[in-house]
Amino acid sequence: MIEASVGAVPGLVPAFVIIGLLLAVPVGLIAKLRGHSVVLPTLFTTALAGVLTVTLLPSSFGSEAPGTCDQGLPGAAFLASESAQLNVLLFVPLCFLAVLLFRRPVLVLAGTVTLTSAIELAQGHLPLGRACSYDDIKANALGGIIGLSLGCLSLCLFPRRSRRRSPFTRRDTLWGSGAVIASACAVATAFSATLTIEDYEATTYRSTAEFGSTEAMQEWFAGTVTQLLGEQANGTTEMRKPQDGQRRWVLRADTSHGSVVATWPDRKLVELRTVSHQHAAGASSRSLPDAEIRKSAERFARTWFPKETADAVARFEHPRNDPHTRLLSYRRYDHGVMTRMRLDIVVSTTGRVTGLTNKVL
């Protein structure tokens with residue numbers, strides 16, 4: 001959560017400053033008007049602002065899947081990751097200050113469970129570019145317990161009066177225990193009723209076995225986009241996971257030079273569009289003869305669609321709406337009847353492929 005936020009959330013520090021001021025200033029003023037110290041309330045609300053900023057500010061990372069939550073790793077295995085360790089640290093100062101401020105550690109524990117669960121529910125439902133995970137709940141709860149323990153130790157070592165007293169009062173224990181049980185039941189009901197619990201580790205393993213690693217997929221698609229649109233093409237890439245019953249990823253890149261749509265793991269182009277053949281990288285201004293233009297389009301077809309075009313009928317024509325391009329179409333016939341197979345390649349008069357529509361079924 002934090003690991004992704006620091007590098008992927010634009011404006012994290014300014015947002016923290018703004019949210020911190022919006023929370024800390026009113027709380028500090030109220031405490032001052034009531035004749036209380038403003039230090040602890042201000043520090044507590046600042047820590048709360050940090051938690052909310054880091055966990056709920058929209059991220060540039062895509063969510064794993066809306067409406068789902070990862071069940072996480074068994075036991076304490078989640079603590080091996082740096083992200084989980086940072087999540088533990090996230091709640092330590094918040095709960096430490098909460099115990100010093102409210103002096104009700106059991107109620108603080110209930111509030112910690114409620115807060116971290118509400119954050120994960122929001123991440124699971126809202127389009128924040130984040131993923132819900134039980135590991136985050138466990139890490140934040142562990143950080144809360146550490147902060148709570150440090151707060152209780154501080155109250156025992158540095159009491160307000162000279163007499164040391166236990167921070168656990170009968171009233172806090174009774175009310176806090178009830179609040180812990182109630183919040184745990186509410187959280188369990190909310191997660192099971194509104195989210196689909198998935199094992200992302202097992203899903204990732206199955207996906208890697210069936211589709212290959214995402215690193216290989218990203219490397220291939222990046223190279224494909226560069227090959228088709230040029231090295232100077234800058235833009236965004238979308239990678240849509242296979243849904244139930246589907247057997248491939250759908251990859252799309254929208255760049256300054258055009259767009260590319262492809263599928264994985266079959267490594268097939270589905271669509272290609274360039275902004276303008278006149279601005280395409282590497283395009284020459286000299287028009288070629290139709291025979292050369294057709295050879296260029298056929299070479300592209302053999303490279304990307306060798307099996308699909310082997311027994312298909314090719315047709316080369318001049319589009320009426322654009323005199324600067326030519327169209328090479330492939331169709332397949334079955335006993336004289338044209339099938340649904342459709343492959344159209346648009347090539348400029350300079351010999352560069354500028355468009356593609358692939359409906360090879």
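About the thresholds
Residues numbered from 1 in each chain as written. Predicted model: local features only at pLDDT ≥ 70, side-chain atom pairs only at ≥ 80, totals over all residues. Heavy atoms only, no water. Helix = DSSP H or I, 4+ residues; strand = E, 2+ residues; numbered from the N terminus. Contact = heavy atoms within 4.5 Å. Areas by Shrake-Rupley, 256 points an atom, 1.4 Å probe, with all protein chains shown as cover. Salt bridge = Lys/Arg side-chain N within 4 Å of Asp/Glu carboxyl O. Buried < 20%, exposed > 50% of the residue type's maximum accessible area, 1.4 Å probe, protein only. Axes fitted to C-alpha atoms, helices over the stretch in contact; angles between N-to-C directions. Parallel < 35°, antiparallel > 145°, perpendicular 65-115°, else oblique. Left-handed = near helix turned anticlockwise from the far one by under 90°. Core = buried A, V, L, I, M, F, W, Y, C linked by side-chain atoms within 4.5 Å. Pairing = 2+ DSSP bridges. Phe/Tyr/Trp six-rings, centres within 6.5 Å; stacked < 30°, edge-to-face > 60°. Disulfide = S-S within 2.5 Å. Nonpolar A, V, L, I, M, F, W, Y, C, P; charged D, E, K, R; others polar. Expected span 1.5 Å × (residues − 1).

Overview of the overall build of the chain
Each helix and strand in the chain was counted, giving 11 helices and 13 strands. Across the chain, contacts joining residues at least 24 apart in sequence account for 63% of those joining residues at least 6 apart. Accessible surface, the chain: about 20,500 Å² in total, of which carbon and sulfur atoms supply 59%.

Points about the pattern of salt bridges
A complete count under the given rule lists 10 salt bridges for this structure. With a closest N to O distance of 3.3 Å, Glu308 and Lys268 form a salt bridge. With Glu308 in helix α11 (residues 306–310) and Lys268 in strand β7 (residues 268–274), this residue pair connects regions lying 40 residues apart in the sequence. The exposure class of Glu308 is buried, given its relative accessible area of 14%. The salt bridge partner of Asp344 is Arg342, with a shortest N-O separation of 3.0 Å.

As for the packing of helix α5 (residues 105–125) against helix α6 (residues 134–157)
Relative orientation of the contacting elements α5 and α6 amounts to 155 degrees, with a least axis distance of 10 Å. Judged by the angle between their axes, α5 and α6 are roughly antiparallel. α6 is crossed by α5, and the crossing has right-handed handedness. Where α5 approaches α6, its residues Pro105, Val108, Leu109, Thr112, Thr116, Ser117, Glu120 and Gln123 are matched on the opposing element by Asp136, Ile137, Asn140, Ala141, Gly144, Ile145, Leu148 and Cys152.

Digging into the nonpolar core
Ranked by internal contacts, the top residues of the largest apolar core, which has 31 residues, are Phe221, Leu228, Val260, Leu269, Tyr330 and Ile345. Of all the secondary structure elements, the ones that give two or more residues to this core are α9 (214–229), β5 (249–255), β6 (258–264), β7, α10 (290–304), β9 (325–331), β12 (342–348) and β13 (353–359). With six residues, α9 is the single largest residue contributor to this core. Setting aside anything within four residues of it in sequence, one finds Leu269 in contact with Thr224, Leu228, Val260, Val261, Ala262, Phe300, Trp304, Phe305, Leu356 and Asn358. Core analysis: the second largest hydrophobic core is formed by 16 residues, Ala47, Leu94, Cys95 and Leu148 among them.

Observations regarding the sheet that holds strand β8 (residues 313–317)
Neighbouring strands of a sheet are bound in pairs by backbone hydrogen bonds; such pairs are parallel or else antiparallel. Read from one edge to the other, the open sheet built from eight strands follows the order β4-β5-β6-β7-β13-β12-β9-β8, with strand pairing classed as antiparallel. What marks the edges here is a single partner per strand, and that holds for β4 (235–240) and β8. Mean inter-strand twist for the sheet, computed between neighbouring axes without regard to direction, equals 15 degrees. When β7 meets β13, the two strands line up antiparallel, connected through three bridges.

With respect to the packing of aromatic side chains
Two measures describe an aromatic ring pair: the distance that separates the ring centres and the angle between the ring planes. Following the criterion strictly, the structure yields five aromatic pairs and no others. A ring pair is formed by Trp220 and Phe221, whose centres lie 6.3 Å apart and whose planes are at 35 degrees; its orientation type is tilted. As far as the burial class goes, Trp220 and Phe221 line up, both buried. Aromatic side chains Trp220 and Trp264 sit 5.8 Å apart centroid to centroid with 50 degrees between the ring planes, which places their arrangement in the tilted category. Here Trp220 is found in helix α9, whereas its partner Trp264 is found in strand β6, with 44 residues between them in sequence. Using a relative accessible area of 14% as the deciding quantity, one classes Trp220 as buried. Trp264 sits in the buried class, given a relative accessible area of 3%. Clustering of aromatic rings is evident, with ring pairs tying together Trp220, Phe221 and Trp264.

A few points about the state of the cysteines
Within the structure shown, the criterion is met by one disulfide. Across the disulfide from Cys69 sits Cys132; the S-S distance is 2.2 Å. Taking the torsion about the S-S bond as the criterion, the Cys69 to Cys132 disulfide, at about -65 degrees, is left-handed. One end of the pair, Cys69, is in strand β1 (residues 68–70); the other, Cys132, is in strand β2 (residues 132–133), with 63 residues separating them in the sequence.

Points about the pairing of β12
Across the seven residues of β12, five count as buried, placing the element largely inside the fold. Note that β9 and β12 share six bridges and pair antiparallel. Looking at β12, one finds that Leu327 is bridged to Val346. Inspection of the sheet shows β12 paired to β13 by six bridges, in the antiparallel sense. Bridge pairing in β13 links Ile345 to Leu356. Connecting the antiparallel pair β12 and β13 is a turn made up of four residues, with Gly351 showing a positive phi of about 95 degrees.

A word on the packing of helix α4 (residues 82–102) against α6
When two helices pack together, their arrangement is given by the angle between the helix axes and the distance between those axes. Running from N to C, α4 and α6 point in directions that differ by 35 degrees, and their axes come no closer than 6 Å. Between α4 and α6 the crossing geometry is right-handed. For the contact of α4 with α6, the per-class residue count stands at 16 nonpolar, seven polar and one charged.

Thoughts on helix α2 (residues 12–33)
The terminal C-alpha atoms of α2 lie 32 Å apart, and with 22 residues this matches the ideal 32 Å at 1.5 Å per residue to within 8%. When α2 is considered as a whole, its buried residues turn out to be Leu12, Ala15, Gly20, Ala24, Gly28 and Ala31. Gly35 occupies a position one or two residues after α2 and carries a positive phi of about 80 degrees.

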